[in-house]
Amino acid sequence: MIYKIFYQETKERNPRRENTHTLYLDIDAKDELDGRIKAQKLVEEKTPYNIEFITCLSDKHLEYEKESGNFTITEL
């Protein structure tokens, strides 16, 4: 499953919508909740990012993200 993670680059400052970034992870999970937990754990262990939100992409949403031109799977 592909997960889209919204994050701030640092935990030092209060989150601001204008500074929100995204990354995409391909997570092998038994269900959506398991995938979210794995994605959160991976990002927290490998980065200093402040996670705002994690969502699993549906097939239609994934196609939209690919067409937007900003879609790249992140390897952590």
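Overview of the structure. As the structure is a computational prediction, the values presented were derived from the model and not from experiment. (Residues numbered from 1 in each chain as written. Predicted model: local features only at pLDDT ≥ 70, side-chain atom pairs only at ≥ 80, totals over all residues. Heavy atoms only, no water.)

Here we look at the packing of aromatic side chains
Considering all chains together, one arrives at three aromatic pairs under this definition. Plain terms: the ring middles of phenylalanine 6 and phenylalanine 53 are 6.1 Å apart, the flat faces sit at 45° to each other, and that makes the pair tilted. In this pair, phenylalanine 6 is assigned in strand β1 (residues 2-8) and phenylalanine 53 in strand β3 (residues 50-56), connecting sequence segments 47 residues apart. The class for phenylalanine 6 is partly exposed, based on a relative accessible area of 23%. Its relative accessible area of 47% is what places phenylalanine 53 among the partly exposed residues. Relative to tyrosine 49, the ring of tyrosine 7 has its centre 4.0 Å away and its plane inclined at 15°; by these criteria the two rings are stacked. Highlighted residues: tyrosine 7 in strand β1 and tyrosine 49 in the loop between α1 (32-46) and β3, separated in sequence by 42 residues. Classification of tyrosine 7 by relative accessible area gives buried; the value is 8%. (Phe/Tyr/Trp six-rings, centres within 6.5 Å; stacked < 30°, edge-to-face > 60°. Helix = DSSP H or I, 4+ residues; strand = E, 2+ residues; numbered from the N terminus. Buried < 20%, exposed > 50% of the residue type's maximum accessible area, 1.4 Å probe, protein only.)

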